[in-house]
Amino acid sequence: MDKKEIRLAIDRIASEIIEKNRASRNITLIGIIRRGNILAKRLAKAITKKAKISPLVGSIDITLYRDDLQLVAESPVIHSSNIPFDINKKIVILVDDVLFTGRTIRSALDEIIDYGRPRCVQLAVLIDRGHRELPIQANFVGKIVPTARDEIVNVYLKEFDGRDEVEIVKTR
Amino acid sequence: MIRGKNLLALKDLSRREIWEIIDQARTFREVLDRPIPIVPALRGKTILLLFFEPSTRTQISFNIAAKRLSADVVTFSASSSSVLKGETLLDTARNIEVMRVDGVVLRHSAPGSAQFLADRLTAFVVNAGDGCHEHPTQGLLDIYTMLEHHESLEDKVVLIVGDIKHSRVARSNIWGLTKLGAEVVVCGPPTLLPAEVEKMGVRVASNIDEALPDADVVYVLRIQKERQTSGLFPSVQEYRELYGLTKARARRLKKKVLLMHPGPINRGVEIDPEVADGPRSVILDQAKNGVAVRMSVLYLLAGG
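As named in an unreviewed UniProt entry, chain B is Aspartate carbamoyltransferase, taken from candidate division WOR-3 bacterium. As its UniProt record puts it under Sequence similarities (unreviewed entry), chain B is described as follows: "Belongs to the aspartate/ornithine carbamoyltransferase superfamily. ATCase family." Here is the UniProt Function (unreviewed entry) comment for chain B, exactly as written: "Catalyzes the condensation of carbamoyl phosphate and aspartate to form carbamoyl aspartate and inorganic phosphate, the committed step in the de novo pyrimidine nucleotide biosynthesis pathway."

### Observations regarding the state of the cysteines
Residue and element names in this part refer to chain B. Across all of its chains, the model carries zero disulfides over all chains by this definition. The thiol of C187 is unpaired, and the distance to the nearest cysteine sulfur, on C132, comes to 20 Å. Judged by relative accessible area, which is 0%, C187 ranks as buried.

### Some remarks on the packing of aromatic side chains
The geometry of an aromatic ring pair is captured by two quantities: the separation of the ring centres and the angle between the planes. Residues and elements named next belong to chain B. Across all of its chains, the model carries four aromatic pairs over all chains by this definition. Ring geometry for F52 and F76: centres 6.0 Å apart, planes at 65 degrees, overall edge-to-face. Taken as a pair, F52 in the loop between β1 (46-51) and α2 (57-68) and F76 in strand β2 (residues 72-77) lie far apart in primary sequence, 24 residues in all. Summarising the aromatic geometry, the rings of Y239 and Y243 are spaced 5.6 Å apart at their centres and angled 40 degrees between planes, so their arrangement reads as tilted. Here the residue Y239 and the residue Y243 both occupy positions in helix α9 (residues 236-243), the gap between them amounting to four residues, near one helical turn.

### Some points on the pattern of salt bridges
One pass over the full model with this rule turns up 25 salt bridges over all chains. A salt bridge links A:D110 to A:R106, with the nearest nitrogen and oxygen atoms 2.4 Å apart. Of this pair, A:D110 and A:R106 are both found in helix α3 (residues 103-115), four residues apart, which corresponds to roughly one turn of the helix. Owing to a relative accessible area of 24%, A:R106 belongs among the partly exposed residues under this scheme. Between B:R94 and B:D91 there is a salt bridge, with its nearest N and O atoms 3.7 Å apart. With B:R94 and B:D91 both in helix α3 (residues 87-98) and three residues apart, the pair spans about one turn of that helix. Within the structure, one salt-bridge network assembled from shared partners comprises A:D67, A:R103, A:E133 and A:R149.

### A look at helix α1 (residues 15-31) of chain B
For α1(B), spanning 17 residues, the distance from its first C-alpha to its last is 25 Å, which sits close to the expected 24 Å at 1.5 Å a residue. Of all the positions in α1(B), only B:E17, B:I18, B:E20, B:I21, B:I22, B:Q24, B:A25, B:T27, B:F28, B:R29, B:E30 and B:V31 are classed as buried. Tucked inside the fold, the buried residues of α1(B) contact α3 of chain A together with α5 (136-147), α6 (168-179) and α12 (283-302) of chain B.

### Observations regarding the UniProt feature "binding site: L-aspartate" (unreviewed entry) in chain B
Residues and elements named next belong to chain B. The feature "binding site: L-aspartate" (unreviewed entry), as given by UniProt, occupies K85, R168 and R222 in the numbering adopted here. Look at R222 and you get partly exposed, because its relative accessible area is 30%. The residues touching R222, leaving out its near neighbours within four places in the chain, are H261, G263, P264, I265, N266 and E270.

Reading guide: rules and limits
Residues numbered from 1 in each chain as written. Chains lettered and ligands numbered in written order. Predicted model: local features only at pLDDT ≥ 70, side-chain atom pairs only at ≥ 80, totals over all residues. Heavy atoms only, no water. UniProt positions renumbered as here; feature names shortened; annotations may be inferred. Disulfide = S-S within 2.5 Å. Buried < 20%, exposed > 50% of the residue type's maximum accessible area, 1.4 Å probe, protein only. Phe/Tyr/Trp six-rings, centres within 6.5 Å; stacked < 30°, edge-to-face > 60°. Helix = DSSP H or I, 4+ residues; strand = E, 2+ residues; numbered from the N terminus. Salt bridge = Lys/Arg side-chain N within 4 Å of Asp/Glu carboxyl O. Expected span 1.5 Å × (residues − 1). Contact = heavy atoms within 4.5 Å.

This is how it looks when you write it as structure tokens:
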């Protein structure tokens, strides 16, 4: 996926979010740190442009909620979550770059529930690469990319990596 | 990552390790402001608070920190009068080992007791004060609190006033602060300064009134009244006159000075109530930040 394809995907997801939620003022976006956080900000911009609503944007770090935290060798570095608004009764669009096993989303859902009780949570991802290990599906997908289990999907975003690109890397 | 599995003394830590604990503590500080201030990071881990000396705030702070991380907390407190040294501590250690405790937070009157325990356990050990040796999490939470007001402690002047000799709080602060580049000045009755204190990298001020105007932080230590009965200073009143942070002395301070105290305060002895409760005091911030710093330490040590 190149720069243009990523932009079109974000535009389309933004339109779908507006349509599904009838341009509600209760739409909020919460991005999963790090790249989901960047995508959430871009989505918010696109939504504002299209629908004259300015969704609130927050970010969460799910590390402390990981189900494999006890299994990794060293305690991973954690970043601060930042949800500067009350999520009760809001429509929360959870945003991440790649949907894979679904475990990150499970962690994120648990964390969000600790902040309050949103009216609903919907999931938007740039890439769905398959191989789910939990019953989790996205509501909005930029692109479905069939992959082998051992391939790696790298998402690069300008704000963080200096360029917009999605690549699939074979490990062998 | 903190080298090894224990936090025994700030003397042992590198500047980088101190910063790592502080940085992660900032994240945990944010967790404490959430509607549900609990994260599941240490689910299934058991932390034993082993307190052979009476302590209220440190024990509560560790207890809350561990619970905020979803760890199970078991508390054992023994009165200080019991002879719980040497063999007894070793026996305790053996019992801990078979009960599958993941981490031990130890408060003990004997310097080196935390090291003693750490050498004999596979569980991680956090020193919560061992005699007059160190109290590393106190030092870290003090540094954290200073860093809330200063981006860096490089060349900041921290004046520590009181019984330096018997104070593990002073020792941990001195090691930690000097590693971060602060200029530490100590001031207290000569009988309560350790021999060759300058070798720890600090300057000694003989007159508090001359030292106060330059200080960016004034750290007032609690005066242990039992030191008076052993003749180390003449009277509480005289101590106040010579070393107390009185209302009159507070006027000589920098405008943006931070006033700190590890608690519990002897009001009107080492610090006047008006000063301790005044706008420049960050004493309650210290207590609040202590939970975040201890969460950070427990999280980093319990990993894997």
